[in-house]
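One letter stands for each residue in the lines below.
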Number of protein chains: 2
Amino acid sequence: MNKKKQISVCFSPDLFHYYNKENLIVVVVDILRATTVISTAFEYGIKSVIPVETLEEALSYKEKENYIIAAERNTKIIEGFNFGNSPHHYMNKDIKEKELVLTTTNGTKAIHKAKENILITASYINIDAVKRYLIQEQKDIVILCSGWKNRFNLEDSIFAGDLATLILDSNKYISNCDSLSASQTLLRSAQSDLFRFLENSAYRKRNQSVEVIKDTKFCLNPTITSNIIPFFINGRLEKRII
Amino acid sequence: MNKKKQISVCFSPDLFHYYNKENLIVVVVDILRATTVISTAFEYGIKSVIPVETLEEALSYKEKENYIIAAERNTKIIEGFNFGNSPHHYMNKDIKEKELVLTTTNGTKAIHKAKENILITASYINIDAVKRYLIQEQKDIVILCSGWKNRFNLEDSIFAGDLATLILDSNKYISNCDSLSASQTLLRSAQSDLFRFLENSAYRKRNQSVEVIKDTKFCLNPTITSNIIPFFINGRLEKRII
């Protein structure tokens, strides 16, 4: 009989080194909105996503053929970029077979903190595929919440509680992680109406625009599902269908 | 009319620099057990507490008159030290007017991270005094959870939720902090039976000894209260009665 594997939740990219170890799968979460954008773009046919840390690096791809560049800072699209951080920008057949270069406030930074591991990204769009993959792989797991500028945020933690519960229900994993327990408690308090629970979250207080509210509803309760898991390999997220 | 001040919760000493700013009061929490020990020792007459980071530094006080040295690592008392990290060690008239040199896994480290600020320590023993002091001072507040080796822990977060709720109820403070909201949600889930809620916490799984269980019950629901607030001034915690 296989020994059960560990699952943990890490609340900030800056704490990731305390959770890091050999032979780990890291699941990066930035539910509002980067990892939802990534799932959406793959579902609409993007070939790969290159998460970069700086605007300068993203801009260096601007003139290259077949590349789309997208940037968000403090929830706003940046001048000079084709796309921002709204999943609705990517529900668009023009993105098919293109490469997306993406830099966001939190999500792309989290990816770079953990990129020496097997690294995938998760959102409510691909949560079932991610669950299936993780249960099948049987490796230790860290769900890495991107947070907000390295601080804890509610939305990523609640998603982590949701995904962790699905994994633990398989009985193939155990947890000894207070962040995971807290995420599950937050989920239980939030799940009857996640959008409403997040009403007083820092994200919602920062983002009162019609566009972001529409995006938030989509990210929490998307109208599409995807069997695609983005894997970070050689500097880019590539798709694998599960 | 005074502008309302901000209150935030920080889940790990390693994230404190993101919350740090001018003119701040930092409330250090290590409910199981360092800040409860500190409250207990003051209530039983200790003159001051010197939190030090290393065992070597603590041992350097061993031969000095009027000093007690206490150390804990991974919940165990260390050989060569007079006291450990159990509040029950300090319910003892022999500690009166002595100086306590204390090094613990988490709490003393949190103090050192934030010591450039006005810094006090809080526990369920002095929570009412801390509340009165903070409401009266009207400065920005960060409740700094010591956590477990820089990771999030449940017990400090729940205490933070309790203290933050008392402060916010005064209507003199506002919060825009997801960690604080999460702490309040955890508190609401836990408060009917805090000891039981923490049954699956990492702390309790690590600590199954009769002594630690007795200590835990005391720390969560102490049989003493104290009007003493420990202030960190010039390298030591000194008492001020509120």
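Residues numbered from 1 in each chain as written. Chains lettered and ligands numbered in written order. Predicted model: local features only at pLDDT ≥ 70, side-chain atom pairs only at ≥ 80, totals over all residues. Heavy atoms only, no water.

Peer 1: Quick one: what's the story with the overall build of chain A, residue by residue and with numbers?
Peer 2: Secondary structure summary: chain A contains nine helices and eleven strands in total. Against the globule reference of 18 Å for 242 residues, chain A gives a C-alpha radius of gyration of 17 Å, in line with a compact fold. Principal-axis analysis of the C-alpha atoms gives chain A an extent of 55 × 40 × 30 Å. Split into buried and exposed, the 242 residues of chain A put 60% on the buried side. Contacts in chain A between residues far apart in sequence, at least 24 positions, make up 76% of those at least 6 positions apart. Surface accessibility of chain A: about 10200 Å² in total, with carbon and sulfur atoms responsible for 45%. With 32 positive and 28 negative side-chain charges, chain A shows a spacing of 3 Å between the two charge centroids. (Helix = DSSP H or I, 4+ residues; strand = E, 2+ residues; numbered from the N terminus. Rg over C-alpha atoms; globule rule 2.2 N^0.38 Å. Buried < 20%, exposed > 50% of the residue type's maximum accessible area, 1.4 Å probe, protein only. Contact = heavy atoms within 4.5 Å. Areas by Shrake-Rupley, 256 points an atom, 1.4 Å probe, with all protein chains shown as cover. Lys, Arg positive; Asp, Glu negative; His and termini not counted. Charge placed at Lys NZ, Arg CZ, Asp CG, Glu CD.)

Peer 1: Requested: an account of the packing of helix 5 (residues 154-168) of chain B against helix 6 (residues 178-190) of chain B, with residues and values cited.
Peer 2: All names here are of chain B. Helix 6 packs onto helix 5 with a crossing angle of 100° between their chain directions and a minimal axis gap of 7 Å. For the element pair helix 5 / helix 6, the angle class is roughly perpendicular. In contact with Leu154, Ser157, Ile158, Ala160, Gly161, Asp162, Ala164, Thr165 and Leu168 of helix 5, helix 6 contributes Leu180, Ser183, Gln184, Leu186, Leu187 and Ala190. Tallied by class, residues from the contact of helix 5 with helix 6 come to nine nonpolar, five polar and one charged. (Axes fitted to C-alpha atoms, helices over the stretch in contact; angles between N-to-C directions. Parallel < 35°, antiparallel > 145°, perpendicular 65-115°, else oblique. Nonpolar A, V, L, I, M, F, W, Y, C, P; charged D, E, K, R; others polar.)

Peer 1: Account for the pattern of salt bridges, naming residues and giving values.
Peer 2: Residues and elements named next belong to chain B. Here the structure, examined in full by the defined rule, presents ten salt bridges over all chains. Of the charged contacts in the structure, one is a salt bridge between lysine 113 and aspartate 14, with a shortest N-O distance of 3.1 Å. Of this pair, lysine 113 sits in helix 3 (residues 107-113) while aspartate 14 is found in the loop between strand 1 (5-10) and strand 2 (24-29), placing the two residues 99 residues apart along the sequence. Under the relative-accessibility criterion, lysine 113 is labelled partly exposed at 46%. A salt bridge links arginine 33 to aspartate 215; its shortest N-O distance comes to 2.7 Å. (Salt bridge = Lys/Arg side-chain N within 4 Å of Asp/Glu carboxyl O.)

Peer 1: Would you mind going over the relation of the copies chain B and chain A in detail, with residue names and values included?
Peer 2: If you rotate chain B by 180° and push it 0.0 Å along the axis, it lands on chain A with an RMSD of 0.0 Å. Taken together, the rotation and translation describe the operation of a two-fold axis. Closest approach to the rotation axis within chain B is made by the C-alpha atom of Leu186(B), at a distance of 3.5 Å. The overlap is high: 100% of the interface residues of chain B also sit at the interface in chain A, so the same surface is used on both sides. (Least-squares fit on C-alpha atoms with pLDDT ≥ 70 in both.)

Peer 1: Lay out the interface of chain B and chain A with the relevant residues and their values.
Peer 2: Every contact between the two is made by 27 residues of chain B and, on the other side, 27 residues of chain A. Together, Tyr18(B), Phe152(B) and Asp178(B) form the three largest contributors to the area buried by chain B at its contact with chain A, with a combined 28%. For the pair chain B and chain A, the number of links is zero salt bridges. Take the side of chain B that touches chain A: its biggest share by element is seven residues, from helix 6 of chain B. Within the side of chain B that touches chain A, the residues separate by chemical class into ten nonpolar, eleven polar and six charged. (Buried area = accessible area lost by both parts, 1.4 Å probe.)

Peer 1: How would you sum up the side chain of Thr185(A)? Please name residues and give values.
Peer 2: Structurally, the position occupied by Thr185(A) is in helix 6 (residues 178-190). Discounting chain neighbours no more than four positions away, the residues touching Thr185(A) are Leu186(B), Ser189(B) and Phe197(B).

Peer 1: Can you explain the pairing of strand 11 (residues 236-241) of chain A? Please cite residues and give values.
Peer 2: Residue and element names in this part refer to chain A. Note: strand 3 (residues 48-51) against strand 11, two bridges, orientation antiparallel. Residue serine 48 lies in a different strand from strand 11, and its bridge partner there is glutamate 238. Where strand 10 (residues 228-233) meets strand 11, six bridges bridge the pair, whose relative direction is antiparallel. Paired with isoleucine 229 across the two strands is arginine 240, which belongs to strand 11. The turn joining strand 10 and strand 11, which pair antiparallel and follow one another in sequence, is formed by two residues; a positive phi near 50° is taken by asparagine 234. (Pairing = 2+ DSSP bridges.)

Peer 1: Explain helix 5 (residues 154-168) of chain A residue by residue, including any values.
Peer 2: Residue and element names in this part refer to chain A. The end-to-end C-alpha distance of helix 5 is 21 Å, a good match for the 21 Å that 15 residues give at a rise of 1.5 Å each. In terms of burial, helix 5 is largely enclosed, as twelve of its 15 residues are buried. Buried residues of helix 5: Leu154, Glu155, Asp156, Ser157, Ile158, Phe159, Ala160, Gly161, Leu163, Ala164, Ile167 and Leu168, and no others. (Expected span 1.5 Å × (residues − 1).)

Peer 1: Describe helix 9 (residues 210-220) of chain A, naming the residues involved and giving the relevant values.
Peer 2: Among all positions of helix 9 of chain A, only Val212(A), Asp215(A), Thr216(A), Phe218(A), Cys219(A) and Leu220(A) are buried. In the core, the buried residues of helix 9 of chain A are packed alongside helix 1 (34-43), helix 7 (194-197) and helix 8 (202-206) of chain A.

Peer 1: So what's going on with the pairing of strand 2 of chain B? Which residues, and what values?
Peer 2: Each regular strand displays side chains that alternate between the two surfaces of the sheet. Residue and element names in this part refer to chain B. For strand 2, the tally of buried residues reaches six of six residues, placing the bulk of the element in the interior. Residues Leu24, Val26 and Val28 point to one face of strand 2 and Ile25, Val27 and Val29 to the other, with burial holding for every one of them. Note that strand 2 and strand 8 (residues 140-145) share six bridges and pair parallel. Residue pairing in the sheet places valine 27 in a bridge with isoleucine 143 of strand 8. Across five bridges, strand 2 lies against strand 7 (residues 118-122) in parallel orientation.

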